[in-house]
Amino acid sequence: LDEADLEEAVPSDQPEEAATPEASAAQGRPEASPAPATPPAVAEPPPALPMPRPAAPSTHSASQARPPLDPQCPLRLERLGALFQSSPDFVEESGCQNQGAVAVEGFGGGVSLPGRVVVACPVAEATALWLRKVVQTEALETFGTPVVGLSNVNGYSCRMSSGGYISEHGFANAIDIGTFHFEDGRRVNIEGGWRSDGTAMGDLTADWFARINEGACDYFQLVLNPNSDAAHQDHFHFDLGPWKSCD
């Protein structure tokens, strides 16, 4: 074989050259379109969490009138024989607050409490006067024995009343009283004694509660009792708020 024959017989080690577009067109084959590039996947950020909203005071509470301060009140309360200490002033986010309040252990005249009740000083003074001038007078006349203690008593408590207003308790401007203890060991409470049970003692107790309730109207702005609503079935509510009403 000559050199030309060997070139035809031996396959070439070189790969065939790729056909050009012009060549493909010449041979009648359609030109292949290049595949579009797939963009890399991008992770979406997680949805933003809503920011927590701080508790806001009621629009009513923000505009409520605060009880006026009386710097001479503690001196008058001391002269009535009350046992008390000043309570620290504070204002909560809700608008509830203690301003010029006192922590009372006894209202004078021998009337004690099982613990302390925090009320505005004018409320403590009004309570002490009511006990001295109304409750004790009526107790001696009706039962022949004085009142020496109170229980189920509440003062400051941050709570709302109907309509979105802060209760007078939220200003320490109110007091609740449920039970009266007498020197001879007897005790009567609003829940069981406001309405007579038909006995002689029941009649006396119901009449006594009615009279001391009426007398409270001379010392407090608002007087509530079991005749007022279901929320006051077991106690008197007295306060020095802006509304005058005596049930």
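Preceding block: the structure.
Read on for a plain summary of the structure. (Residues numbered from 1 in each chain as written. Predicted model: local features only at pLDDT ≥ 70, side-chain atom pairs only at ≥ 80, totals over all residues. Heavy atoms only, no water.)

**Quick notes on the side chain of asparagine 213**
Quick reminder of the rule: For helices the rule is a DSSP run of H or I covering at least 4 residues; for strands it is a run of E covering at least 2, with both sets numbered from the N terminus onward. N or O atoms closer than or at 3.5 Å make up a polar contact, with two conditions inside protein: a donor-capable atom paired with an acceptor-capable one, and, for residues adjacent in sequence, both atoms drawn from side chains. We call two residues contacting when some pair of their heavy atoms lies within 4.5 Å.
Assignment of secondary structure puts asparagine 213 in helix H7 (residues 200-216). Among the polar contacts made by the side chain of asparagine 213, one reaches the main-chain carbonyl oxygen of aspartate 247 at a distance of 2.7 Å. What asparagine 213 contacts, discounting residues up to four positions off in sequence, is Trp194, Val223, Asn225, Phe236, Cys246 and Asp247.

**Describing unusual backbone geometry**
Threshold: Any residue under 20% of the maximum accessible area for its type is buried, any over 50% is exposed, and the rest in between are partly exposed; the area is computed with a 1.4 Å probe on protein chains only.
Although it is not a glycine, asparagine 152 adopts a positive phi angle of roughly 55°. Position of asparagine 152 among the secondary structure elements: in strand S6 (residues 147-154). The phi dihedral of alanine 172 is positive, around 60°, even though this residue is not glycine. Here alanine 172 lies in the loop between S6 and strand S7 (174-182). In this structure alanine 172 comes out as buried when scored by relative accessible area, which is 0%.

**Focus on the packing of helix H5 (residues 121-143) against H7**
Definition in use: Fitted lines through C-alpha atoms give the axes, limited to the stretch in contact for helices. The angle between two N-to-C directions lies from 0 to 180 degrees. Any angle from 65 to 115 degrees is called roughly perpendicular, while one under 35 is roughly parallel, one over 145 is roughly antiparallel, and all others are oblique. By definition, any crossing whose near helix is turned counterclockwise from its far helix by less than a right angle is left-handed, and any crossing with a clockwise turn is right-handed. Throughout, the ten residues Ala, Val, Leu, Ile, Met, Phe, Trp, Tyr, Cys and Pro are labelled nonpolar, Asp, Glu, Lys and Arg are labelled charged, and all others, Gly among them, are labelled polar.
Taken N-terminus to C-terminus, the directions of H5 and H7 make an angle of 160°; their axes are 10 Å apart at the nearest point. The angle between H5 and H7 places the two elements in the roughly antiparallel class. Note on packing geometry: the crossing formed by H5 with H7 is right-handed. The segment H5 lies against H7, with Trp130, Val134, Val135, Glu138, Ala139, Thr142 and Phe143 engaging Met201, Leu204, Thr205, Trp208, Arg211, Ile212, Gly215 and Ala216. The residue makeup of the contact of H5 with H7, split by class, is 10 nonpolar, three polar and two charged.

**Focus: the nonpolar core**
Where we set the bar: Think of a nonpolar core as a cluster: buried Ala, Val, Leu, Ile, Met, Phe, Trp, Tyr and Cys residues, connected wherever their side-chain atoms sit within 4.5 Å.
In this structure, Phe107, Trp130, Leu150, Phe180 and Trp208 are the most contacted members of the largest nonpolar core, which totals 42 residues. Secondary structure elements with two or more residues in this core: helix H4 (73-79), strand S4 (101-108), strand S5 (111-120), H5, S6, S7, H7 and strand S10 (236-239). Once you skip the residues sitting within four places of it in the chain, tryptophan 208 turns out to touch Val135, Glu138, Ala139, Thr142, Phe143, Val147, Phe180, Phe182 and Val188.

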